[in-house]
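The primary structure of each chain is shown beneath.
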Amino acid sequence: MLPIWLKAGLWGLLSGSALLIGAGTGYYFKIPQRLIAAIMSFGSGVLISALSFDLMDEAYKSGGFLATSIGFIAGALVYTIANIIVSNKGAKHRKRSGEHQASESDKEGSGTAIAIGALLDGIPESIVIGVSMIEGGAVSMVAVVAIFLSNVPEGLSSASGMKKAGRSKKYIFLLWLSIALVSGIAAVCGYVLFDGFSKEVIAATTAVAAGAILSMLADTMIPEAFEEAHNYSGLITVLGFLCAFMLTKLF
């Protein structure tokens, strides 16, 4: 019987591995940018639904409105500030699949900024997985599936853009492998660090992650999706939302 902290790490690693799947697809296959944008739209809808009906709802039920609200706003604020910093260093278009991403020759240090930005995007999602296992030891399958489904287009789009910006294959795959591993570690930390805390603290932590995820969607994934999919992005996002909503009812 595996200890719960190890299970949390494996679930986090599983969801993070979708980034590698997406990166490999984006690097080795020439996928139309409109299709990439459509997949990004679907992934955005999935995450919006998951954070609405799974994360925020559970946070409210366990910790109440005040703790949930404070955590939600704090997560968005922290993510926004950190995102502004890495964006100014060259990671503004880290999820773009087109000719947007800065190369090292365009902006020195942009490679490091992109790596930090990718970590910034992935860690809140993984912490949620670990936190979800504190009560009862069972993972939130909705969160795992939603994060996995959204990570595929994220890795796909970003790796495609990195390749066009002249990043090496070694850099691209080491980056996403590292983030997949960090996702597992972050899930372990989510379980170990917050186990034993009050329901209000756990609720606020879940809401912090939800706020960060929603800010990430608005700042990075949705703009990439709309730029190429245009009038269809809303419909595809709705389909992704419906898919995750159905998952919440099934599980």
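In the annotation of an unreviewed UniProt entry, the protein chain is listed under the name ZIP family zinc transporter and assigned to Segetibacter aerophilus. According to UniProt, the comment filed for the protein chain under the heading Sequence similarities (unreviewed entry) is "Belongs to the ZIP transporter (TC 2.A.5) family." Looking at the protein chain in UniProt, the text filed under Subcellular location (unreviewed entry) is "Cell membrane".

The next point concerns helix H5 (residues 169–194). Helix length check: H5, at 26 residues, gives a terminal C-alpha distance of 37 Å against a target of 38 Å (1.5 Å per residue), a fit within 8%. All of the buried residues in H5 are Ile172, Phe173, Leu175, Trp176, Ile179, Ala180, Ser183, Gly184, Ala186, Ala187, Gly190 and Tyr191. Looking one or two places after H5, you find Gly196, whose phi comes out positive at around 100°.

It is worth spelling out the UniProt feature "transmembrane region" (unreviewed entry) in the protein chain at this point. If you check UniProt for "transmembrane region" (unreviewed entry), the listed places come out as residues 6–28, 35–53, 65–86, 127–151, 171–194, 201–218 and 230–248 in our numbering. Secondary structure across residues 6–28 comprises 100% helix and 0% strand; the distance between its end C-alpha atoms is 33 Å. Here residues 127–151 runs as 64% helix and 0% strand, with 15 Å between its end C-alpha atoms.

With that out of the way, let us pick up a nonpolar patch on the surface. On the surface, Leu2, Leu10, Leu13, Leu174, Leu177 and Leu181 cluster together into a nonpolar patch covering about 490 Å² of accessible area. Listing elements by their share of the nonpolar patch, those giving two or more residues are helix H1 (4–28) and H5. Of all the elements, H5 adds the most residues to the nonpolar patch, at three residues. Its place among the elements puts Leu177 in helix H5.

Grouped together as the largest cluster of nonpolar side chains are 33 residues, with contacts concentrated most on Leu47, Leu51, Leu55, Ile129, Ile213, Met216 and Leu217. With residues near it in sequence (within four places) discarded, Ile213 still touches Leu47, Leu51, Leu55, Pro124 and Glu125.

Let us look at a positive patch on the surface. Residues Lys30, Lys163, Lys164 and Lys169 make up a contiguous surface patch of positive charge. With respect to the helices, strands and loops of the structure, Lys164 is situated in helix H4 (residues 141–164).

What counts and what doesn't
Residues numbered from 1 in each chain as written. Predicted model: local features only at pLDDT ≥ 70, side-chain atom pairs only at ≥ 80, totals over all residues. Heavy atoms only, no water. UniProt positions renumbered as here; feature names shortened; annotations may be inferred. Helix = DSSP H or I, 4+ residues; strand = E, 2+ residues; numbered from the N terminus. Expected span 1.5 Å × (residues − 1). Buried < 20%, exposed > 50% of the residue type's maximum accessible area, 1.4 Å probe, protein only. Patch = residues over 30% accessible without salt bridge, like charges linked within 9 Å, V, L, I, M, F, W, Y side chains within 5 Å. Areas by Shrake-Rupley, 256 points an atom, 1.4 Å probe, with all protein chains shown as cover. Salt bridge = Lys/Arg side-chain N within 4 Å of Asp/Glu carboxyl O. Core = buried A, V, L, I, M, F, W, Y, C linked by side-chain atoms within 4.5 Å. Contact = heavy atoms within 4.5 Å. Lys, Arg positive; Asp, Glu negative; His and termini not counted. Charge placed at Lys NZ, Arg CZ, Asp CG, Glu CD.

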